[in-house]
Amino acid sequence: MASSWCIPFLLLLIFEGITARPFYPLPSKMENKDKKPLQTYRPYNIAHRGSNGEIPEETAAAYMRAIEEGADFIETDILATKDGSLICFHDVILDNITDIAEHKEFADRKRTYEVQGVNTTGWFVVDFTLQELKSLKVKQRCSLRDQQYNGKFSIITFEEFISIALDANRIVGIYPEIKNPVFINQHVKWEKGKKFEDKFMEMLLRYGYKGVYLSKDWLKQPVFIQSFAPTSLVYISNLTDSPKIFLIDDVTIPTQDTNQSYWEITSDSYLEYIKNYVVGIGPWKDTIVPPEYNYLTTPTDLVAKAHAHDLQVHPYTYRNENKFLHFNFHQDPYAEYDYWINKIGVDGLFTDFTGSLHQYQEWTAASAKDEKNADGLLHEIALMISSYNRD
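**Examining helix α4 (residues 158-166)**
The buried fraction of α4 is high, at 9 of 9 residues. All of the buried residues along α4 are F158, E159, E160, F161, I162, S163, I164, A165 and L166. In this structure, the buried residues of α4 make contact with α2 (60-69), β2 (73-80), β3 (86-88), α3 (130-134), β6 (173-178) and α6 (196-206).

**Concerning empty space enclosed by the protein**
Scanning the entire structure with this criterion turns up 1 cavity of 30 Å³ or more. Estimates place the volume of the largest cavity at around 60 Å³. Contributing to the lining of the largest cavity are 11 residues, with A165, L166, I171, V172 and K220 lying nearest its centre. Here the residues of the lining of the largest cavity are counted per class, giving 6 nonpolar, 2 polar and 3 charged.

**Things to note about the packing of α4 against α6**
Close contact between α4 and α6 brings their axes to 11 Å; oriented N to C, the two are set at 30°. Classified by the angle their axes make, α4 and α6 are roughly parallel. Seen along the crossing, α4 lies across α6 with a hand that is right-handed. Residues F158, E159 and I162 of α4 form the contact with α6, whose participating residues are F200, M203, L204 and R206. Residues of the contact of α4 with α6, tallied by class, amount to 5 nonpolar, no polar and 2 charged.

**Focus: the layout of surface pockets**
In this structure, the largest pocket occupies an estimated 940 Å³ of space. Together, 40 residues line the largest pocket, and H90, K179, F228, D249 and Y316 are the ones closest to its centre. Among the elements of the structure, β2, β8 (244-248) and α9 (262-265) are those that each provide at least two residues to the lining of the largest pocket. Its residues assigned to classes, the lining of the largest pocket shows 15 nonpolar, 12 polar and 13 charged.

**Some details on the nonpolar core**
By size, the foremost hydrophobic cluster in this structure holds 69 residues, and its most contacted members are I74, L94 and I162. The biggest single contributor to this core is α4, with 6 residues. Here L94 is in contact with F89, I100, W123, F124, V125, F128, L133, L136 and I155, once residues within four sequence places are set aside.

**Quick word on the packing of aromatic side chains**
Applying the stated criterion across every chain yields a total of 32 aromatic pairs. Ring geometry for Y175 and F350: centres 5.0 Å apart, planes at 65°, overall edge-to-face. Note that Y175 is positioned in strand β6 and F350 in strand β13 (residues 348-351), a separation of 175 residues in sequence. Each member of the pair, Y175 together with F350, is buried. Put simply, the rings of Y44, F73, Y175, Y213, W218, F224, F228, Y316 and F350 pair up and form one aromatic cluster. Positioned above the aromatic ring of F128, the side-chain terminus of R109 is 4.9 Å from the ring centre. If you follow K195 out to its NZ or CZ, it ends over the ring of Y235, 4.0 Å from the centre.

**Description of the environment of L271**
Within the fold, L271 resides in helix α10 (residues 268-274). A residue is classified by how much of its surface remains accessible, and L271, at 0% relative accessible area, is buried. In the structure, L271 is positioned 35 residues away from A306 in sequence and 7.1 Å away in space, judged by C-alpha atoms. Apart from residues no more than four positions distant in its own chain, L271 is found in contact with I265, T266, I281, K305, A306, H309 and L311.

**A look at a nonpolar patch on the surface**
There is a patch of nonpolar side chains on the surface, built from Y293, Y295 and F327 and spanning about 410 Å² of accessible area. Mapped onto the elements, Y293 comes out in the loop between β10 (291-292) and β11 (295-296). On the basis of relative accessibility, which here comes to 72%, the residue Y293 falls in the exposed class.

**Describing the pairing of β6**
Consecutive residues of a regular strand have side chains that alternate between opposite faces of the sheet. Among the 6 residues of β6, 6 are classified as buried, and the element is accordingly described as predominantly covered. Of the two faces of β6, both are covered, the one formed by G173, Y175 and E177 as well as the one formed by I174, P176 and I178. For β2 and β6, the ladder comprises 6 bridges, and the chain directions are parallel. Directly across from F73, in β6, lies its bridge partner G173.

**So, the confidence of the model for the protein chain**
Looking at the protein chain as a whole, the pLDDT averages 91, with 86% of positions reaching at least 70. A low-confidence stretch, residues 1-5 stays under pLDDT 50, and its non-local contacts, those more than four residues away or across chains, total 5 contacts. Counting interchain partners and residues more than four positions distant, the pLDDT-below-50 stretch residues 13-23 has 12 contacts.

**Some thoughts on α6**
Among the residues of α6, F196, E197, D198, F200, M201, M203 and L204 are the ones counted as buried. Positive backbone phi, at 90°, marks G208, one or two positions downstream of α6.

**Some words on the pairing of strand β1 (residues 44-47)**
Across the two faces of β1 the burial is the same, with Y44 and I46 and N45 and A47 all buried. Bridging between β1 and β13 involves 4 bridges; their strand directions are parallel. Note that in β13 the partner of I46 across the bridge is F350. By the bridge criterion, 2 bridges tie β1 to β2 in an arrangement that is parallel. Its bridge partner lying in β2, I46 is registered against F73.

Cut-offs and rules
Residues numbered from 1 in each chain as written. Predicted model: local features only at pLDDT ≥ 70, side-chain atom pairs only at ≥ 80, totals over all residues. Heavy atoms only, no water. Buried < 20%, exposed > 50% of the residue type's maximum accessible area, 1.4 Å probe, protein only. Helix = DSSP H or I, 4+ residues; strand = E, 2+ residues; numbered from the N terminus. Contact = heavy atoms within 4.5 Å. 1 Å grid on protein atoms, 1.4 Å probe; cavity = no way out; pocket = protein on both sides within 12 Å on 5 of 7 lines; lining within 4 Å. Points joined across faces, edges and corners; volume = space filled by probe spheres on them. Nonpolar A, V, L, I, M, F, W, Y, C, P; charged D, E, K, R; others polar. Axes fitted to C-alpha atoms, helices over the stretch in contact; angles between N-to-C directions. Parallel < 35°, antiparallel > 145°, perpendicular 65-115°, else oblique. Left-handed = near helix turned anticlockwise from the far one by under 90°. Core = buried A, V, L, I, M, F, W, Y, C linked by side-chain atoms within 4.5 Å. Phe/Tyr/Trp six-rings, centres within 6.5 Å; stacked < 30°, edge-to-face > 60°. Lys NZ or Arg CZ within 6 Å of the ring centre and 35° of its normal. Patch = residues over 30% accessible without salt bridge, like charges linked within 9 Å, V, L, I, M, F, W, Y side chains within 5 Å. Areas by Shrake-Rupley, 256 points an atom, 1.4 Å probe, with all protein chains shown as cover. Salt bridge = Lys/Arg side-chain N within 4 Å of Asp/Glu carboxyl O. Pairing = 2+ DSSP bridges. pLDDT = per-residue confidence, 0-100.

What follows is the structure, given as C-alpha cells:
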C-alpha cells in the first residue's frame, strides 16, 4: 500500500501534467480547533525550502513531503515578478533550477544587473510575469540528489504556499523570507508607492498571520518572518507584531542594505538594538562553530551572547550528505543534530532533510522516556528492598 504522503503526491503529479492552473486553491481557512498544535517544547524543525533533500526546492511537493515528515515550519524565499505577484523562489535568476534555457521564446530576456554589488547575468525573475513563470518547470539544484522529479513541478505563489500550510491536518507554521528586498524594490513597482515589504505583509495579514510569539493568535497560525536586510525587519515592525528573525551571512559578507560587517551585527550593542525588532537570529552554522580542514574548531560565543539578549538562534543549513558533514560527525547526520541541539543549544534548525531531524528528535525523546521509566523502576525496587531490610 502506498504511504499516506504518496497519494496526494501522485495526484499532484497528475494535475501538474494536465493543467497549467495551480494545483492548490487559495487557503481554506480551516478551523484549527481539531488540529494537533505546534510543538514548542524542543528546537523547531524548519523545512528549508521544503524537503528539498528529496524533491526540488520550494515546490508544492517538497512542502507536502516536509509536512508529512514532521516539519514544525515550512520555509520559503519570497520574490516578486514583473507584474508584482509574489512567488516562492530562492535565486533572483532562473538559470540554476528551471528549464528557462529550453524556452526559445524567452531567449532575448537575458540581462545583466547588479545584485548586492556584483554584476550578474541571467534570466531574472523580475523580467517575467507570473503567467510566464508558471510555464517553466523546476529541477533539483544539487547533483548529489534524486533527479527523477526534474521537470515535474512548477513555481508556486506565496498564496499557494500559505494554502499548503493552512490545509495541513495539523498546525504547521510558515517561515517566509523577504528575499533581496533592495533588488526587488529597484526593479518592481507597485501602485501608490508601495514597497515589496508592504505587499509581503499584506499577504500575511490577509490570511490571518498575526500576534506576538507564543500568543493565542500566533499559536493558531505560527509564523516567523526572516530577512538578511535589517531595514526591512525594522520597517515591517510598524506593520505587524509577528516574530521576526534576523538572518546572518558569512563573516566576509556585509548586510545587503546597510553594509554592516558581520562583527558589527553580532556585537552586544547591535544585538541589544535589534532585539527591539526581532525574536532571534538565523546565522550560518559555520560562523557559530568555524571549521578548519573540515573539522570543527572551538565554538564562538554567538549562541551564548544571543541567549543573553533573549534572542533565539536558528542556524542554517543542515544536510545529510557526506559532502556537507564535518569529519567530526563520522558521516552521521544524527550525530550532527545531537551536537547542535545538546552541546551548542540552538532553538531551531533549518534542514534540507526534515524527516531525519524529526526521527532524531522522536527517537531521543523515546529514549529519554524509556530511561526515565527504567530509573523509576529501579527506584521502586530500591524502595522495596529498603522496606524489606527495615522489617
